[in-house]
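# A closer look at the structure
Residues per chain, in single letters:
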2 protein chains.
Amino acid sequence: MIDFAILKEISTKTPSKIVLLVFDGLGGLPHPETGKTELESARKPNLDRLAAEGICGLSDPVGPGITPGSGPGHLSLFGYDPIKSLVGRGVLEALGVDFDLQEGDVAARCNYCTVDKNGIITDRRAGRIPTERNAELCAKLKKIKLDGINIFILPGKEHRFAVVFRGDGLRGEVADTDPQKSGIAPKAAVALTPYAGKTASVINEFIAKARSVLADSHPANMILLRGISQRPQLPKMSEIFKLNPAAIATYPMYRGLARLVGMTILRTGSTFSDELDTLAGNWNNHDFFFVHIKYTDSSGEDGDFDRKVRVIEEADALLPKLAGLKPDVLAVTGDHSTPALLKGHSWHPVPILINAKYCRTDEVKEFSEKACVSGGLGRIRGTDIMPLAMANALKLDKFGA
Amino acid sequence: MIDFAILKEISTKTPSKIVLLVFDGLGGLPHPETGKTELESARKPNLDRLAAEGICGLSDPVGPGITPGSGPGHLSLFGYDPIKSLVGRGVLEALGVDFDLQEGDVAARCNYCTVDKNGIITDRRAGRIPTERNAELCAKLKKIKLDGINIFILPGKEHRFAVVFRGDGLRGEVADTDPQKSGIAPKAAVALTPYAGKTASVINEFIAKARSVLADSHPANMILLRGISQRPQLPKMSEIFKLNPAAIATYPMYRGLARLVGMTILRTGSTFSDELDTLAGNWNNHDFFFVHIKYTDSSGEDGDFDRKVRVIEEADALLPKLAGLKPDVLAVTGDHSTPALLKGHSWHPVPILINAKYCRTDEVKEFSEKACVSGGLGRIRGTDIMPLAMANALKLDKFGA
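Reading the values: the criteria
- Residues numbered from 1 in each chain as written.
- Chains lettered and ligands numbered in written order.
- Predicted model: local features only at pLDDT ≥ 70, side-chain atom pairs only at ≥ 80, totals over all residues.
- Heavy atoms only, no water.
- Least-squares fit on C-alpha atoms with pLDDT ≥ 70 in both.
- Helix = DSSP H or I, 4+ residues; strand = E, 2+ residues; numbered from the N terminus.
- Buried < 20%, exposed > 50% of the residue type's maximum accessible area, 1.4 Å probe, protein only.
- Polar contact = N/O pair within 3.5 Å; in protein donor to acceptor, adjacent residues only side chain to side chain.
- Pairing = 2+ DSSP bridges.
- Contact = heavy atoms within 4.5 Å.
- Axes fitted to C-alpha atoms, helices over the stretch in contact; angles between N-to-C directions.
- Buried area = accessible area lost by both parts, 1.4 Å probe.
- Salt bridge = Lys/Arg side-chain N within 4 Å of Asp/Glu carboxyl O.
- Core = buried A, V, L, I, M, F, W, Y, C linked by side-chain atoms within 4.5 Å.
- Parallel < 35°, antiparallel > 145°, perpendicular 65-115°, else oblique.
- Left-handed = near helix turned anticlockwise from the far one by under 90°.

Below, the discussion takes up the relation of the copies chain B and chain A. Note on the identical chains: chain B maps onto chain A by a rotation of 125 degrees and an axial translation of 0.2 Å, with an RMSD of 0.3 Å. The relationship between the two copies is best expressed as a three-fold rotation axis. Residues of chain B ranked by C-alpha distance from the rotation axis are headed by Ser374(B), positioned 3.5 Å from it.

Here you go:
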C-alpha cells in the first residue's frame, strides 16, 4: 500500500464528495441448488446499473486466503494497513457498545465463569447465565474501586461483558487470564512488556475484588479476561486524506471503528432508509461518507441465504435516493465475505464497484462475484480502495515531478 | 517488487535483445461521443498483431489511484521502486535540458520574479518575460563566481531557468526559497538536515549576488528557487540486470532519466522514424533498448484526442521496421496514462503487451485499455515489467534451489 506520508503530500481539499457504501459481509458462495451466490440471486437493477456505468473488481481486505474480522475489514476499507492497525478484542467490544474509548484506556473482553472451591474452572461460560443476571452482576462489579483508576463495566449478552480501565500509565500489553479450557485455575494477568507491569497489577487487583464480590453468585462466581488492549494510535483521515469524513452506521461497533480514524459520527435510525435520510440531511457538511449496512452480514452469519438476498434487494430498491444526491464518487463493496453456506466471515474476495465520471468503465454489466472477476479494477487490496476513490474524486495530485 | 539483491543474483548475460517501447502517457479515457479511448480509436494493425501474438495486461506505475509524474513513471518501467527513487524537481529540470548532472551536483528550478523596493514579491513570474530576455539575464548570472563552487545556469522558457551548483560537500536537503505567493519577501535558503548547512549558505550567497546583478533588470529583478535536489543514487541497470542498455529518446528529460540508471544515450533525430533508424544502426551494440515516444503525452496534455490518435497510428505504421529487427522481447507500454479528456497525467493503469517466443499468449486480440483488462498478465505494477522482460529474454536464472 502507498505510504501515508505520500498520501498526505498529494491529497488535496476539493468540494467533490465520496460515498463509501459498505454492505457488511457482502460476498457469498453459490447456493448448491441454483449455482448462484446471494448477490447473484438478488434482483438489484440499481446496483447492476451502477456497475455497468462504473468500474468493477474484487478486493482482498487483508490478503488472499485471509478471513478478516470486522476490525481489519473496515480499517482496510478506510485505507489503513489492517495488519499494522490491529484492533484488540477488548477495544472492539467497548466500541461495540458505543463506549467512547479514550486514548490510553485499556479494555478487555470478559466472561463470567464458574470456579470450584479450589479455584479450578469448571465452566468457562458460567452456564451461559441469562442476560438479566449478567446485568445484576455487572451492577455489583461497578462498585469496585481502585486507587487512581476509573473502571467502566459494560454489560453484554449471557456471560459476556467488557471492562475498561482508565488511568495514568496503563498499557495494553497484558496476556489473557482466560486459559481457554476448564480444569485449571484462571491465569494471573501477566505483563507482556516491561511497560505494562502497572496494568497487570491493576487488573489482578480488580480480579481479586471481583472474585470476592461474586463469591456467592454461583455459577457466575469468577471472571476471565481476554483481548486486553488499547485503541491503536491511528492518524486521522482528515490528516491523511484532507477529508472531513462522516460515518452513518446503525450498529455501534462500526461507529466505533469509524471513530478510531477520526470520522464524525452522525446519529441515525435503525434502517438503511434512515441512514439515507441522515446522508441527505448532512450532505452539505462533509465530503466523505461511510454508510454501513449490517444485515447482509448477520443474515449470512445465520446461514439464511434467502434473507441475505432480501437485504440486498431492499437496499437496492432504496439506492436511487443515494444516487439522487449525485456523489462524485460512489464506491460499493463489503468489508469481507459472509457466505450463508459457511455461516461466518470468509476469505473470499469482495465485489467492488466504483462509479465516477472518470472511472474508465469496463465490460461488467452486473454487480456480482462472477462478473467482477473480469472487471477493470482487477483484484485489488482493500487498502487500494481509498486511493482509488480519492483519485476518482480528483482529490490526489500527481506524485513526483 | 523483487529485491535488487535477488535480481542481481539471478540475472545472466545472454545475447538476447529486449526492446522497451514507451508511448508516453499511453493510456486514455473514452471519448464521450464514441465510448472509445484514444488507443481504441486508432487504426493500429501492427500493435494489435503484437498484442494478439503476445501477452497483455494493465500496469500501475506506482500503485492504484496514484498519478505518476514522468520521473516515477519511467523509473518504475526501468525496474526501480518509484517511491524510493524519487527525482527532485530541480534534477528533472536539469535533465530536461540535457545537462550532464554529476553525482553530488545540486540542482534547483528557478523563476525570475519581481520584488519592490522593500524586497517584497509583487510578481512570482516577473510578468513572464520573453524567452530572449531570459537568455540575456542568464548570461549575466553566468558571471557570478563563488569560492570553490562551479555554477551552471540553464536558461529555460519565459521566466524559468535552472541552476546547478557543483562542489565538495553539497547536499540537496534545502527548502524552497519560493514562498509560492506574492506580498511577502523570498525566503532564505534553509538547510533541512544538519548536513546541508554549507549548501544553504552557498545558495544564499548566490541569491545575494544574483539580486545585485539583476538590480536594474525590472521586472526580472530577483530569483526564486525550488525543488533543490541531488540526483538519486541508483545502482546501474548493468549491475542489476547485467544488461548493456541504451536509450533512444527525442526529448532530453527522458534521456536524463535513462542516464540516471546508467543507460548509454544514443543520438537521434526528432521523429519516431529517426529513433527507429538509431535503433537499427546500434542494434549490435546493446542488448536492451529503451525507445521513447513523446507525442502521445503532449497531445493528451493539450486535450487533443484526435492528435493523440494520429500519433499512435503513425507510430504503428512504422512498427514493421522495429519488428524486422526481431527483438527477442518487445514490451510496449506507457509510463502513465494521459487522457485527452483530463488534459494531464492520470491514475488509470496503462496497457502493456509483451511479445516474445515463450510469453504464453492470452485471448487478447487488440491492444487497448478494455481488451488488456482480460489479458494474461492481469494488473501488474510497473516494476514487474523489467523482471518479466528479462524472464522472457531467458536472462533470469532459477531463484533458489
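From this point, the discussion proceeds with the structure in view.
Turning to the side chain of His292(B), a few remarks are in order. All names here are of chain B. Here histidine 292 lies in strand 10 (residues 288-293). Residue classification places histidine 292 among the buried residues on the basis of a relative accessible area of 0%. Among the polar contacts made by the side chain of histidine 292, one reaches the side chain of aspartate 24 at a distance of 2.7 Å.

Here the focus is the sheet that holds strand 12 (residues 350-356) of chain B. Residues and elements named next belong to chain B. As summarised here, the arrangement of the eight strands in space is 9-8-10-1-11-12-2-13, forming an open sheet in which the pairing is mixed. Of all the strands in the sheet, just strand 9 (264-265) and strand 13 (378-381) have a single pairing partner and so form its edges. In the sheet, strand 2 (residues 55-60) pairs with strand 12 via five bridges, with the strands oriented antiparallel. Among the inter-strand pairings, leucine 58 is bridged to a residue of strand 12, identified as proline 351. Strands strand 1 (18-23), strand 10 and strand 11 (329-333) of the sheet are contacted by helix 4 (residues 70-77), whose axis makes an angle of about 160 degrees with strand 1. Across the sheet, helix 14 (residues 385-392) is in contact with strand 1, strand 2, strand 10, strand 11, strand 12 and strand 13; its angle to strand 12 comes to roughly 15 degrees.

Looking now at the interface of chain B and chain A. With 32 residues of chain B in contact, the opposing surface of chain A contributes 25 residues. Between chain B and chain A, roughly 2,300 Å² of surface is buried when both sides are summed, and carbon and sulfur atoms account for 69% of that area. The three residues of chain B that bury the most area against chain A are Ile66(B), Trp347(B) and Arg379(B), which together make up 24% of that side's buried surface. Joining chain B to chain A, the criterion identifies zero salt bridges.

Moving on: the sheet that holds strand 8 (residues 245-249) of chain A. All names here are of chain A. One open sheet accounts for eight strands, arranged 9-8-10-1-11-12-2-13; its pairing is mixed. Two strands in the sheet have a free side with no partner beyond their single neighbour: strand 9 (264-265) and strand 13 (378-381). Here strand 2 (residues 55-60) pairs with strand 13 via four bridges, running parallel. Bridge pairing in strand 13 links glycine 57 to glycine 378. Docked against the sheet, helix 3 (residues 45-53) engages strand 1 (18-23), strand 2, strand 11 (329-333) and strand 12 (350-356), running at close to 70 degrees with respect to strand 12. Here helix 4 (residues 70-77) sits on the sheet in contact with strand 1, strand 10 (288-293) and strand 11, set at roughly 160 degrees to strand 1.

Let us look at the pattern of salt bridges. Evaluation of the coordinates by the stated rule reveals 38 salt bridges over all chains. Between Arg49(A) and Glu53(A) there is a salt bridge; the shortest N-O distance is 3.6 Å. You can see Arg49(A) and its partner Glu53(A) sitting in helix 3, four residues apart, about one turn around the helix. Classification of Arg49(A) as partly exposed rests on a relative accessible area of 40%. Here Asp98(B) makes a salt bridge to Arg259(B), at a shortest N to O gap of 3.5 Å. Residue Asp98(B) is found in the loop between helix 5 (89-95) and strand 3 (106-115), and its partner Arg259(B) is found in helix 9 (residues 252-260); the two are separated by 161 residues along the sequence. A cluster of three or more residues bridged by salt bridges with shared partners is formed by Arg89(A), Glu93(A) and Arg109(A).

The next point concerns the nonpolar core. Residue and element names in this part refer to chain A. Among the nonpolar cores identified, the biggest contains 62 residues, and Phe78, Met237 and Phe290 are the most heavily contacted of them. The dominant element in this core, judged by the number of residues it contributes, is helix 14 (residues 385-392), at six residues. Those residues in contact with methionine 237 that sit more than four places away from it in its chain are Phe78, Tyr80, Lys242, Leu243, Pro245, Val261, Met263, Phe288 and Met386.

Turning to the packing of helix 4 of chain A against helix 9 (residues 252-260) of chain A, a few remarks are in order. Helix-helix packing is described using two parameters, namely the angle between the two axes and the distance between the axes. Residue and element names in this part refer to chain A. Packing of helix 4 against helix 9 brings their axes to within 10 Å, and their N-to-C directions diverge by 45 degrees. Relative to helix 9, the element helix 4 is oriented oblique. Taken as a pair, helix 4 and helix 9 cross one another with a handedness that is right-handed. Contacts between helix 4 and helix 9 involve Ser70, Gly71 and His74 on the former and, on the latter, Met253, Tyr254 and Leu257.

Across the chain, the bulk of peptide bonds are trans and the bulk of non-glycine residues have phi less than zero. Between His218(A) and the following residue, Pro219(A), the backbone shows a cis peptide bond with an omega angle of 5 degrees. Here Pro219(A) is to be found in the loop between helix 7 (197-213) and strand 7 (222-229). Positive phi, normally seen in glycine, also occurs at Ala126(B), with a value near 50 degrees. Here Ala126(B) lies in the loop between strand 4 (121-123) and helix 6 (131-141). For Ala126(B), a relative accessible area of 0% puts it in the buried group. Not every positive phi belongs to a glycine, and Leu394(B) is a case in point at roughly 55 degrees. Residue placement: Leu394(B) occurs in the segment after helix 14.

Just distances and angles here, no functional claims.
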